[in-house]
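This is what each chain is made of:
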Amino acid sequence: MAGVGFGAVFSEEEEFDEIPESGVLELRNRPSRVLTSFRAQAGFVLVVVVLWLIGSRNLFAMHLPLIGRLAPLDSWWSTWRHFFASWSANGVGSGSSGMPGYGVLGFAGTFVVGRMGVLPRLALVGAVPVGAVGVARLLRGRVSNRARVVASVAYLAFPLGVNMIGAGRIDVLFVIAGLPLVVRRLFELLCVPGFRSGPYPEPVPFGHRGWRSTEAGQRMAAFMLVALITAMAPATLVLVVLIVGGVWLARFFEGDEFQRRVRPWRLLGALLFNVAIFLLPLTIDFFVAGRRAFEVFGLARGPWTVPSFADLVRGADGTFGANWTGWLLPAAAVFALVLCRDQRRAIATKAATIATLSLVLATLVAHHWLGSFAPDLDVLLSLYAVMIALLIGLGVSALEHDLRQSGFGWRQLVASASVAVIVVTIIPLLVSFASGRFDLPTTSVAESLSALAPPKAGGYRVLWLGGPSVLPVPGWSVEPGLEAATSTNGLPGGDSLFASPDSGTMDKVLSAVHSAIEGRTVRLGQLLASAGISTIVVMNASAPELAGVQSVPLHPVPAGLTSALGLQTDLSLELQTNSVVVFANSAYRGLVSASVAGKTTSTQLLVSGTSAVAVPPAATIRAGVAPASAFELLVNGTALRRTVSDGWMPTYAVGDQSTTPSAQLVMHRFPWNGILAGVTLGIWIIVWLGFGLIQRLEWLFTGRRRRVAVARHARKEDRG
């Protein structure tokens, strides 16, 4: 009787049919009172929105800590410049193509009138709700409005979103916001039952009105959407493969009538090819990165820092959802799979298959069973979250429709349990609203380091070492569980938001660190001095532990790293806490230095492209920037001959002059990257205009020609 009562709560009509198998229970004409009208549904959504705003109230004005991907953005113009730049400061310098993510951020900055500081706050506050709206759109026309509302709330309550806000992972939040839209478009293209049953309209020429609704237009819209998200989180491409492969595999278990209409692998090939074109700079970087190419999808974490399999099932990569309540939403999804029938069963089978594939891949990555291919675990869990929400929406629809076809029995008991689970799972979400910032730290380890700059520094780098989930700047893998990255002249900023998969000359630094860990050197400082590294920061947590203020889980570096650094004769320990260990490099000689034969010391120089400085006569100048071919040294306006030392460092010999020479280091490089970025941007604009805008703008040209023709005709008549 209780089971039927819970089922009646989610009934689409106003009453349940009587249960024929039960002669004792006569339940009929019992009205449904919960979320049955548009007014009730709109009111519930409004309450959820208000509660979410209350729960994120402090994110609007609080200082954003330097954790995750919350490094302060540069200005709107500078962000675009990073996209077109011929050189970036990542590592020890790189001539790789500008990462497309800068273009996405620059485009987004246009809508906030260049106020770039607003973008990370919008992502923290709005990404998960936008994803919840995307879940509602994913289920539109497949289930009732009530089921869509419940699925959206389940997506909000899933632990991943809250944990990513607390970790400052803007890249993953971008995936959480856009992935439901990607799933909907791919399901339509793959003819998943309920998503598209009829044929596409007749073909329309590219650029004309109606092209968007054709098959070519719909495919291109999906390609552009996937490319947009991939620019921020490249592991999105792995999710696309899982979606297509999951649909293909599920049709072996639960066939449908539309499965012969499309060829999934052909669609996947077209998608990967087009995304590669839309993200051409990243594609080129991927193919020239060699053995590090697959690191573009993510870096391997240490086995001691990855979530357990139980946490992966709960979708909890963090503190939220790591207790027994985290099992509720996956349990509700399993109940939904049991309850669904007919067309809903076909969709549910595909969602369950995709969710299983994402969990299997996440487990393989967590155990390092795929080598250097280690897609970001949190991005993989975002697909799992979408499938869980989709299953819950289908389960609510099954409660509304499918249960009436069976008598009272185990299905009604399962229905009762699933409804109770959905209600209880909201409670932990409400508790997380207490801090007003979803436990985002108020300060970070990086910001607490106020003395990173060496005395009288003319330019320096900081080497950051830590787990991939801890460092505030993207970098490259030294070994599983240890990432290395650099920042120039202080903390990471808007010029180091993305790291090219091609590590280039940074391999010298990575190799030096690895040698120290293996005990093959005690002069690490000397090996790093050529790169201008003055400080080494080892991070075991993204934020410091503050009693009564913030509690941050520790993700320690591999065992032996700190002790290996302590054995180096040219490194001195400056600071050591549970969260961070800082070493100073006594062999540091400056980012750009000048040395004279016969003298044991080097002079640090502040040399840039906009100013010239005095250098000692007959000096040898070494610049810790790469690639060497991109820089030349002007002495009294004349370019000096460049040689290369240590296999990568540009070196210049200053002649013995009677007066003190003046030197200026400038970048001299043909703007191939700018041209490539311009071509990529042009492709985006042309395809975007092709969605009917070319025809709409045609009057600009036809109208002008018409006016010219009329004027010529009038002149001829006057002459006649």
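Nothing here was measured: the structure is a model prediction, and the numbers come from that model.

Structurally, the position occupied by T651 is in strand β14 (residues 649–653). Classification of T651 as buried rests on a relative accessible area of 8%. As a C-alpha pair, T651 and S593 span 58 residues in sequence and 9.9 Å in three-dimensional space. In this structure, T651 is in contact with T620, I621, R622, R641, R642, T643 and S645, ignoring residues within four places of it in sequence. From its side chain, T651 meets the backbone oxygen of M649 in a polar contact 3.2 Å long.

Further remarks concern the environment of L312. Among the structural elements, L312 can be located in helix α13 (residues 309–314). For L312, a relative accessible area of 2% gives the class buried. Separated by 10 residues in sequence, L312 and A322 have C-alpha atoms that sit 9.6 Å apart. Once residues within four sequence positions are removed from consideration, L312 is found in contact with P307, L359, A362, T363, L381 and Y384.

Below, the discussion takes up the side chain of S382. Mapped onto the secondary structure, S382 falls in helix α16 (residues 377–401). The contacts of S382, once residues within four sequence positions are left out, are L160, V175, I176, L179 and L239.

What follows concerns the environment of V262. Of note, V262 is situated in the loop between α10 (236–253) and α11 (264–278). Taking relative accessible area as the criterion, V262 reaches 15% and is therefore assigned buried. Along the backbone, V262 and L190 are 72 residues apart, and their C-alpha atoms lie at a distance of 6.1 Å. V262 has contacts with L189, L190, C191, R196 and R251, leaving out every residue within four places of it along the chain.

With that settled, consider the packing of aromatic side chains. Evaluation of the coordinates by the stated rule reveals 23 aromatic pairs. Aromatic pair F158 and Y384: ring centres 5.9 Å apart, planes at 65°, arrangement edge-to-face. Taken as a pair, F158 in the loop between α6 (145–157) and α7 (159–167) and Y384 in helix α16 lie far apart in primary sequence, 226 residues in all. Overall, Y384 belongs to the buried group, its relative accessible area being 4%. Here the aromatic rings of F294 and F297 are separated by 6.4 Å at their centres, their planes lie at 35°, and the arrangement is tilted. The exposure class of F294 is partly exposed, given its relative accessible area of 38%. Assessed through its relative accessible area of 13%, F297 is described here as buried.

For an α-helix the count is 3.6 residues per turn, leaving residues at separations of three or four pointing the same way. The first and last C-alpha atoms of helix α5 (residues 118–138) sit 28 Å apart over 21 residues, in line with the 30 Å expected at 1.5 Å per residue. Along α5, the sharpest change in direction is near 50° and occurs at G126; proline P129 comes one to four residues later.

Attention now moves to the pairing of strand β7 (residues 592–596). Taking burial as the measure, the 5 residues of β7 include 4 buried ones, the bulk of the element. Inspection of the sheet shows β7 paired to strand β10 (residues 619–623) by 5 bridges, in the antiparallel sense. Among the inter-strand pairings, A594 is bridged to a residue of β10, identified as I621. Two elements, β7 and strand β8 (residues 602–604), share 3 bridges in a ladder whose sense is antiparallel. By the bridge assignment, A594 is partnered in β8 with T603.

For the bond from A626 to P627, the omega torsion is -5°, close enough to zero to count as cis. When you line up the elements, P627 lands in the loop between β10 and β11 (631–635). Of note, A618 is a non-glycine position whose phi angle comes to about 60°, a positive value. Looking at the element boundaries, A618 is found in the loop between β9 (613–614) and β10. By relative accessible area, A618 is classed as partly exposed at 37%.

Parameters and conventions
Residues numbered from 1 in each chain as written. Predicted model: local features only at pLDDT ≥ 70, side-chain atom pairs only at ≥ 80, totals over all residues. Heavy atoms only, no water. Helix = DSSP H or I, 4+ residues; strand = E, 2+ residues; numbered from the N terminus. Buried < 20%, exposed > 50% of the residue type's maximum accessible area, 1.4 Å probe, protein only. Contact = heavy atoms within 4.5 Å. Polar contact = N/O pair within 3.5 Å; in protein donor to acceptor, adjacent residues only side chain to side chain. Phe/Tyr/Trp six-rings, centres within 6.5 Å; stacked < 30°, edge-to-face > 60°. Expected span 1.5 Å × (residues − 1). Bend = angle between axes of the 7 residues up to and from the residue. Pairing = 2+ DSSP bridges.

Remember, this is a structural readout, not a statement about activity or role.
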